Amino acid sequence: MSPPKVWNMLELRALKEWLSNNSKRWLWVILALAACLGVYSRFFILELNTPALRPEPQRSISIQHRDNPTVQPSVQHQEMSKADPQTKLQRRIDVPLLTPWLAPIVWDGTFDKDILNEQFQGRNITIGLTVFAIKKYVVFLKLFLETAEKYFMVGYKVNYYVFTDRPGDVPKIPLREGRKVITLVVRNYTRWQDICMHRMEMISNFSHQHFFQEVDYLACMDVDMKFSDHLGVEILSNLFGTLHPGFYGTQPKAFTYERRPRSQAYIPKGKGDFYYAGGFFGGEVQQVYEVTKACHEAMLIDKSNNIEAVWHDESHLNKYLFLHKPTKVLSPEYLWDERLLGRPAFLRKLRYVAVPKNHAKIRNK
Ligand SMILES: CC(=O)N[C@H]1[C@@H](OP(=O)(O)OP(=O)(O)OC[C@H]2O[C@@H](n3ccc(=O)[nH]c3=O)[C@H](O)[C@@H]2O)O[C@H](CO)[C@H](O)[C@@H]1O
Ligand SMILES: [Mn+2]
């Protein structure tokens, strides 16, 4: 026998002896190892397969803005959601749900309207909706109001404040109980841009005359639109803005903020959170008073400096919401244009949508 073999034999025997003396201890070691393996697979292997921990799917969406027809909308998207039986909600993992300052971004599947209605109905609130129909834009009022009666804040008291220079053209629409149209006669302007911009002045001016006494919240909306699905108390908050549909998913550097430092609406490249639409914002009356007053004053300063922001009131609204972060952000479900942007899969609902309009025939008329 060679020395190593002798050594092996001795070692084996010693091991055997040791094992038989310590068999109980070994059993415990094996049991402990098995338990560790079980825990590992439960928490690491199984959980990694749940959608919340899986890496986000690649989403690439690029929808170009109104005056840039050269680039076609291109939306690649993977619809992924998981039913949560506890809350009846569809958990959304395909869209952003919170801003970086932790304000909710409101999408279908992020709220249960029955729960919200239970909360709000006890509060006996009235919601005001400001809408401007100046000059030819009165033609949009009928469809706007008819569809609002179908979808906007159904079950709540609503005051529609129609600002117009043509009170005789405000259509009579059958209204649900607790809802009324209040016509406010205002002046017109020659340029459509001035009409858009002076909405800020008029809303802030009428706040003390009407809004503070008559309503709790205000929604300020474009008239060349219609409602096409539920739009309710889920939007209500201190101050809310709506993501502009043309910029959802695009990089902030591509936003059409005002980039000239001479304007009060100036936002430098590299700054900004979202691009908000001029056609739908709101909140509590005090907040809407403050935003509209601030935007109007900023526009007055611009005017005295002989500069007009690139997208008028919308540029100033974006500056205000950059400086005063909204407490809720409405997803593009709350302002969409299907003709321009199609119907990407992440849009489960279209609640407030553009009505086709012929700019040449309707603007400045
Ligand atoms: C959907 C959306 O985000 N729209 C914004 C966008 O343009 P839009 O192209 O949507 O502007 P627009 O022509 O709809 O004008 C805005 C609103 O002003 C009113 N109006 C305008 C002209 C007129 O002769 N009579 C009249 O009543 C009307 O309520 C109209 O809906 O950019 C504008 C500023 O450039 C405003 O910020 C709009 O809110
Ligand atoms: Mn519009």
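Remember, it's a predicted structure, so these values are computed and weren't measured experimentally.

Q: Where do I start with the packing of aromatic side chains in this structure?
A: The description of an aromatic ring pair rests on the distance of the ring centres and on the angle between the ring planes. Counted according to the given criterion, the structure contains 21 aromatic pairs. Measuring from centroid to centroid gives 5.7 Å for Tyr257 and Tyr275, while their planes differ by 40°, and the two rings are tilted. Of this pair, Tyr257 sits in the loop between β11 (239-243) and β12 (276-284) while Tyr275 sits in the loop between β11 and β12, placing them 18 residues apart in sequence. Here Tyr257 and Tyr275 have matching classes, each one buried. The structure contains a cluster of three or more aromatic residues connected by ring pairs, namely Phe144, Phe152, Phe227, Phe240, Phe280 and Tyr352. Its guanidinium or amino end placed over the ring of Tyr189, Arg187 lies 3.8 Å from that ring's centre, counting from NZ or CZ. For Arg363, the ring lying beneath its charged end belongs to Trp192, and the centroid distance is 3.5 Å.

Q: What is the right way to look at the packing of helix α6 (residues 285-304) against helix α7 (residues 312-323) in this model?
A: Two numbers describe how α6 lies on α7: the axes approach to 9 Å, and their chain directions differ by 120°. As summarised for this structure, α6 and α7 are arranged oblique, according to the angle between their axes. By crossing handedness, the relation of α6 to α7 is classed as right-handed. Where α6 approaches α7, its residues Glu290, Val291, Ala294, Cys295, Ala298, Met299 and Asp302 are matched on the opposing element by Asp313, His316, Leu317 and Tyr320. Class assignment for the residues of the contact of α6 with α7 results in seven nonpolar, one polar and three charged.

Q: Honestly, the site of ligand 1 in this entry has me stumped. Any pointers?
A: Near ligand 1, the surroundings consist of 22 residues, among which Phe132, Ile134, Tyr137, His312 and Arg363 are the closest. Tyr137 is positioned such that a nitrogen or oxygen atom in its side chain is 2.6 Å from an oxygen atom of ligand 1. Measuring from an oxygen atom of ligand 1, one finds a side-chain N or O atom of Lys357 at 3.4 Å. Contact with the protein chains covers 95% of the free accessible surface of ligand 1, which is 730 Å².

Q: Quick question: what am I supposed to make of the environment of His312 here?
A: Here His312 is to be found in helix α7. By relative accessible area, which is 8% here, His312 ends up buried. Residues His312 and Cys196 lie 116 residues apart in sequence; the distance between their C-alpha atoms is 7.5 Å.

Q: Got a minute to help me understand the packing of helix α5 (residues 192-214) against α7 in this structure?
A: Axes are the key here: two packed helices are described by the angle between their axes and the distance separating the axes. Interaxial distance between α5 and α7 falls to 7 Å at its minimum, and their mutual angle equals 35°. Contact residues: α5 offers Trp192, Gln193, Cys196, Met197, Arg199 and Met200, while α7 offers His312, Asp313 and Leu317. Across the contact of α5 with α7, the residue classes break down as five nonpolar, two polar and two charged.

Q: I tried to follow the confidence of the model for the protein on my own but got confused; where do I start?
A: It should be kept in mind that the predicted coordinates are not to be read in detail where pLDDT is low. Mean pLDDT over the protein: 84, with 75% of residues reaching 70 or higher. Of all helices and strands in the protein, the one with the weakest mean pLDDT is strand β1 (residues 60-62) (36), whereas β11 scores best (99). Segment residues 1-6 is flagged for pLDDT under 50; beyond a separation of four residues in sequence, or across chains, it makes one contact in the model. Across residues 38-81, where pLDDT falls below 50, the model places 67 contacts with residues more than four positions away in sequence or in other chains.

Parameters at a glance
- Each residue is numbered by its place in its chain's sequence as written, counting from 1.
- As they are written, the chains are lettered A onward and the ligands numbered 1 onward, keeping that order.
- Local features in a predicted model are, by the rule used here, given only for residues with pLDDT of at least 70; side-chain atom pairs are given and counted only at 80 or more, and totals for whole chains, interfaces and linings are based on all residues.
- Side-chain metrics rest on all non-hydrogen atoms present in the structure, leaving aside hydrogens and water.
- Ring pairs shown here join Phe, Tyr and Trp side chains whose ring centres sit within 6.5 Å, with only the six-membered ring taken for Trp; geometry is labelled stacked below 30 degrees between planes, edge-to-face above 60, and tilted in between.
- Helix numbering and strand numbering both begin at the N terminus, where a helix is a DSSP run of H or I of at least 4 residues and a strand a DSSP run of E of at least 2.
- For every residue, the accessible area obtained with a 1.4 Å probe (protein chains only) is divided by the maximum for its type, and the residue is called buried under 20%, exposed over 50%, and partly exposed between those limits.
- For a lysine, the NZ atom is tested; for an arginine, the CZ atom; a charge sits over a ring if that atom is within 6 Å of the ring centre and within 35 degrees of the ring normal.
- Axes here mean lines fitted to C-alpha atoms, for a helix over just the part in contact, with angles spanning 0 to 180 degrees between N-to-C directions.
- Oblique is the label for every angle not falling under 35 degrees (roughly parallel), over 145 degrees (roughly antiparallel), or within 65 to 115 degrees (roughly perpendicular).
- For a crossing to be left-handed, the near helix must be turned anticlockwise from the far one by less than a right angle; the clockwise case is right-handed.
- Any two residues whose heavy atoms approach within 4.5 Å are treated as being in contact.
- Basically, the charged four are Asp, Glu, Lys and Arg, the nonpolar ten are Ala, Val, Leu, Ile, Met, Phe, Trp, Tyr, Cys and Pro, and anything else, Gly included, counts as polar.
- Whether a residue is near a molecule or strand is decided by its heavy atoms; if any one of them lies within 4 Å of it, the residue is near.
- Definition of a polar contact: a pair of N or O atoms within 3.5 Å, with one able to donate and the other able to accept a hydrogen when the atoms are protein atoms, and with sequence-neighbouring residues admitted only if both atoms are side-chain atoms.
- Note on areas: Shrake-Rupley with a 1.4 Å probe; residue coverage comes only from the protein chains shown.
- A score from 0 to 100, pLDDT tells how confident the predictor is in each residue.

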